[in-house]
Amino acid sequence: MGADWANWLGPDEWQAVRLSLRVSLVATLASLPLGIFAAYALARWSFWGKPLLNGLVHLPLILPPVVTGYLLLLTFGRRGAVGEVLDQWFGIVLSFRWAGAALAAAVMAFPLMVRAIRLALEAVDPKLEAAASTLGASPTWVFVTVTLPLILPGVVAGSILAFAKAMGEFGATITFVSNIPGQTQTIPSAIYAFLQVPGGEQAAGRLVIVSVALAMGALLLSEVLARRVARRVAGA
Amino acid sequence: MTLQVSIQHRFARFDLDIAFEAPRGVTVLFGPSGSGKTTLVNAVAGLLRPDAGRIVAGDWVLLDTAARRCVPPHRRRLGYVFQEGRLFPHLTVRQNLTYGRWFAPRGAAAPSLPHVVDLLGLGDLLDRRPGALSGGEKQRVAIGRALLAAPKLILADEPLAALDEARKAEILPYFERLRDEVSVPILYVSHSSAEVARLATTVVALRDGRVTAVGPPSQVLGDVAAMGVRGAASVLVARVVAHHADGLSELATEGGRLWLPQVADAPGSTLRVRIAAQDVILSRARPKGLSALNILGGTITEVRPGQGPGAMVTLAVGADRLTARLTRRSAQAMGLAPGQSCHAIIKTVAVAPEDVGTGTHTLGAA
């Protein structure tokens with residue numbers, strides 16, 4: 001079965017699928033802590049500049065992806081403000097590397113992740129957290145033992161949505177890290193490349209099928225989990 | 001341990017300015033809704049920070065706004081029983097019960113899990129989740145959860161208000177057991193005169209953010225200003241003598257025999273019986289040929305005319321006080337005055353089951 005799959009996709013196509021999975025997985029997992037933090041700040045705190053943070057988080061959802069990619073290039077490129085520091089001090093180069101593709105995917109998927117977690121947080125009754133604090137739990141322990149378990153389905157659903165979005169990211173990625181096979185050529189970039197050469201339609205078609213399958217799977221999974229959240233909130 | 005509370009807090013609708021001292025036992029904060037009871041308990045718990053105030057439990061300063069001291073709620077070592085239970089829906093009953101134990105300091109004097117499970121009858125519920133419990137069961141678990149956190153003080157904010165009469169009757173005895181078997185002081189919020197009569201060792205009556213009366217229940221319950229004309233009542237300590245075949249129980253008080261609709265407690269046990277002031281009739285001579293079974297003898301200690309047509313007459317019945325509400329006209333016609341001996345007549349059927357509670361604690365009669 002595994003061998004059939006391996007033969008069904010060409011080596012270049014396999015490479016693109018593997019890279020896409022790696023980029024999306026890293027993008028999702030690395031941005032998750034920040035996503036939970038941003039969702040918590042937006043759902044629970046009131047602070048100066050909250051509308052600004054809200055706008056910043058949601059900006060990649062509304063901006064043309066090319067613009068986001070270009071801004072990433074300006075910031076994290078080798079000559080960019082942050083990119084130069086990362087390169088000289090830590091030897092980390094993001095532009096035209098797979099890690100840069102992961103960064104682009106993470107930025108583009110971030111709004112979806114934050115929205116899902118924020119919705120779950122807003123469904124948690126703060127009275128339960130107050131009850132936990134009267135029982136001796138410090139704010140950190142309240143979060144770990146009460147808040148986090150209650151929002152977990154939302155966190156999982158948000159992560160799956162973000163993963164699916166990262167799998168499909170194209171505009172910002174190709175602008176920021178270009179389209180280098182084995183390095184930054186994810187499934188969408190590979191489909192685009194295959195369509196640029198004569199006779200590439202079959203390879204592109206196979207990758208399209210893989211994309212649709214992965215996206216549908218992710219969507220179904222997040223749907224199931226969202227329903228579980230609703231049930232739990234109603235049952236509480 | 002005594003609890004000293006003094007807080008001032010400004011709300012949009014009213015101002016709170018409250019000071020009282022709660023000795024050992026159950027201190028009931030009594031008052032209508034909107035009188036500031038919950039605010040007060042939340043301030044003691046640390047969930048609300050009043051504008052100004054000082055709260056001291058024993059020798060431990062929990063809050064002192066003048067000294068800029070405010071202990072956060074998780075360090076206050078309290079057990080808070082909320083009106084709506086607030087059990088953690090993602091944990092089993094067992095995990096809910098032991099939640100506070102994780103955070104209690106090592107060696108803290110907490111009752112054991114089996115003891116609490118036994119005290120509150122939770123044995124069959126341990127592996128269930130809160131979603132599968134009835135309202136009464138939830139409140140019992142909430143009480144157990146508060147107890148097992150090894151609290152130095154238990155707070156209960158109208159823990160029975162969300163329950164129907166049958167469930168109330170199910171939970172109240174557990175609070176009586178807490179009062180009599182657990183040495184932790186309890187601050188209990190209620191707007192039910194019956195709960196005050198059954199549980200309180202001290203009553204703090206509140207109205208519109210002010211304390212209107214503080215004292216033992218025998219004293220505060222008869223206070224019309226604190227309880228309202230219809231809420232005024234007295235509490236008699238009575239010992240069960242026998243249960244009779246006609247559905248009545250015979251009890252002994254210091255003023256004579258008291259016949260009540262059958263009570264659940266065995267002969268020999270001591271009960272507190274709440275008697276509403278408006279259910280008491282007075283007679284100078286011992287009446288004859290009367291349908292009422294209960295005629296208690298006592299001495300008048302106070303005759304207080306009210307603002308309307310009524311008057312409150314208080315009798316000393318042994319160490320207890322019994323308050324009767326009559327018209328000023330009758331009080332004058334009978335020539336009632338302190339020092340006179342008098343008979344109080346109480347209809348047996350006027351005493352409802354929720355008026356009868358267990359009580360080995362003294363009432364601290366004034």
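Numbers given to residues run from 1 along each chain, matching the order in which its sequence is written. By the order in which they are written, chains take letters starting at A while ligands take numbers starting at 1. Since the coordinates come from a predicted model, pLDDT governs what is reported: local features require at least 70, and pairs of side-chain atoms require 80 or more to be given and counted, while whole-chain, interface and lining totals use all residues.

## Observations regarding the overall build of chain B
The number of helices and strands found in chain B is nine helices and 21 strands. As defined in this context, the radius of gyration uses C-alpha atoms, and a globule is described by 2.2 Å times the residue total to the power 0.38. Computed over C-alpha atoms, the radius of gyration of chain B comes to 22 Å, within 12% of the 21 Å expected from 2.2 N^0.38 for 366 residues, which places it in the range of a compact globule. In terms of overall dimensions, chain B has C-alpha extents of about 65 × 50 × 30 Å along its principal axes. By sequence separation, contacts in chain B at least 24 residues apart represent 69% of the contacts at least 6 residues apart. Each helix corresponds to a stretch of at least 4 residues labelled H or I by DSSP, and each strand to a stretch of at least 2 residues labelled E; elements are numbered beginning at the N terminus. What counts as a contact is two residues whose backbone-derived C-beta atoms lie within 7 Å of each other.

## Section: the pairing of strand E4 (residues 52–57) of chain B
Residues and elements named next belong to chain B. Counting other C-beta atoms within 10 Å of a residue's C-beta gives its exposure: the residue is buried at 20 or more, exposed at 12 or fewer, and partly exposed in between, where C-beta atoms are placed from the backbone. Of the two faces of E4, only one is covered, namely that formed by Gly53, Ile55 and Ala57; the face formed by Ala52, Arg54 and Val56 stays uncovered. For two strands to count as paired, DSSP must find a minimum of two bridges between them. Sheet analysis places strand E1 (residues 3–10) next to E4, joined by six bridges and oriented antiparallel. Bridged to Ser6 within E4 is Arg54. Pairing geometry for E4 and strand E5 (residues 60–64), over four bridges, is antiparallel. Residue pairing in the sheet places Val56 in a bridge with Val61 of E5. The loop that links E4 with its antiparallel partner E5 comprises two residues; one of these, Gly58, has a positive phi angle of about 65 degrees.

## Structural notes on the packing of helix H3 (residues 50–62) of chain A against helix H6 (residues 98–122) of chain A
All names here are of chain A. Where H3 contacts H6, the two axes come as close as 8 Å, and the packing angle between them is 115 degrees. The handedness of the crossing between H3 and H6 is left-handed. Contacts from Val57, His58, Pro60 and Leu61 of H3 reach H6 at Val107, Met108, Phe110, Pro111 and Val114. To get an axis, fit a line to the C-alpha atoms, keeping to the stretch in contact for a helix; angles then go from 0 to 180 degrees between the N-to-C directions. The handedness criterion is simple: a crossing whose near helix is rotated anticlockwise from the far helix by less than a right angle is left-handed, and one whose near helix is rotated clockwise is right-handed.

## As for the interface of chain B and chain A
Taken together, the 18 residues of chain B in the interface contact 17 residues of chain A. Looking at the side of chain B that touches chain A residue by residue, the classes come out as 12 nonpolar, four polar and two charged. Polar here means any residue outside two lists: the nonpolar Ala, Val, Leu, Ile, Met, Phe, Trp, Tyr, Cys and Pro, and the charged Asp, Glu, Lys and Arg; Gly therefore counts as polar.

## Side note on helix H7 (residues 126–134) of chain A
Of all nine residues in H7(A), seven are buried, a share of seventy percent or more. Residues of H7(A) that are buried include every one of Leu128(A), Glu129(A), Ala130(A), Ala131(A), Ala132(A), Ser133(A) and Thr134(A), and no others. Contacts made by the buried residues of H7(A) are with helix H8 (139–168) of chain A together with helix H1 (37–45) and strand E7 (78–81) of chain B. Looking at the residues trailing H7(A), positive phi occurs at Gly136(A), about 110 degrees.

## Concerning the sheet that holds strand E14 (residues 256–261) of chain B
The pairing of strands in a sheet happens through backbone hydrogen bonds and is either parallel or antiparallel. Residue and element names in this part refer to chain B. The strand order E14-E13-E12-E15-E21 describes an open sheet built from five strands, whose pairing is antiparallel. With partners counted over all chains shown, the strands left at the sheet margins are E14 and strand E21 (356–358), one partner each. The sheet shows a mean angle of 40 degrees between the axes of neighbouring strands, taken without regard to direction. Examined bridge by bridge, strand E12 (residues 233–243) and strand E15 (residues 270–276) share seven bridges and lie antiparallel to one another. Residue pairing across strands places Ala238 opposite Leu271, the latter belonging to E15.

## Looking at the nonpolar core
Side chains of nonpolar character tend, in soluble globular proteins, to be buried together. Only buried Ala, Val, Leu, Ile, Met, Phe, Trp, Tyr and Cys residues enter a nonpolar core, and they are joined through C-beta atoms within 7 Å. Grouped together as the largest cluster of nonpolar side chains are 166 residues, with contacts concentrated most on Ala104(A), Ala105(A), Ala109(A), Ile117(A), Leu155(B), Leu187(B) and Val273(B). With 17 residues, H6(A) is the largest single contributor of residues to this core. Residue ranges assigned to each domain were obtained from an automatic or database domain assignment. Lining this core are residues from two domains, each supplying at least three of them: domain 1 (3–220) and domain 2 (233–354) of chain B.

## Description of the confidence of the model for chain A
Summarising the model, chain A shows a mean pLDDT of 88, and 94% of its residues fall at 70 or more. Across chain A, the element-wise mean pLDDT spans from 64 in helix H1 (residues 2–8) of chain A up to 94 in H7(A). Confidence scores per residue from the predictor, reported as pLDDT, run from 0 to 100.

## Here's the deal with the environment of Thr184(A)
All names here are of chain A. With respect to the helices and strands, the residue Thr184 is situated in the loop between helix H9 (171–177) and helix H10 (187–196). Between the C-alpha atom of Thr184 and that of Trp98, which follows or precedes it by 86 residues, the distance is 5.0 Å. Not counting chain neighbours up to four residues away, the residues in contact with Thr184 comprise Phe96, Trp98, Gly100, Ala101, Thr173, Val177, Ser178 and Asn179.

## Digging into the domain arrangement of chain B
Residue and element names in this part refer to chain B. Each assigned domain of chain B is listed with its residue range as follows: domain 1 (3–220) and domain 2 (233–354). Spacing between the C-alpha centres of domain 1 and domain 2 amounts to 32 Å. Across the boundary between the two partners, domain 1 contributes seven residues, which contact nine residues of domain 2. Those elements that provide at least two residues to the side of domain 1 that touches domain 2 are helix H6 (193–199) and helix H7 (217–220). A total of four residues in the side of domain 1 that touches domain 2 trace back to one element, the largest contributor, which is H6.

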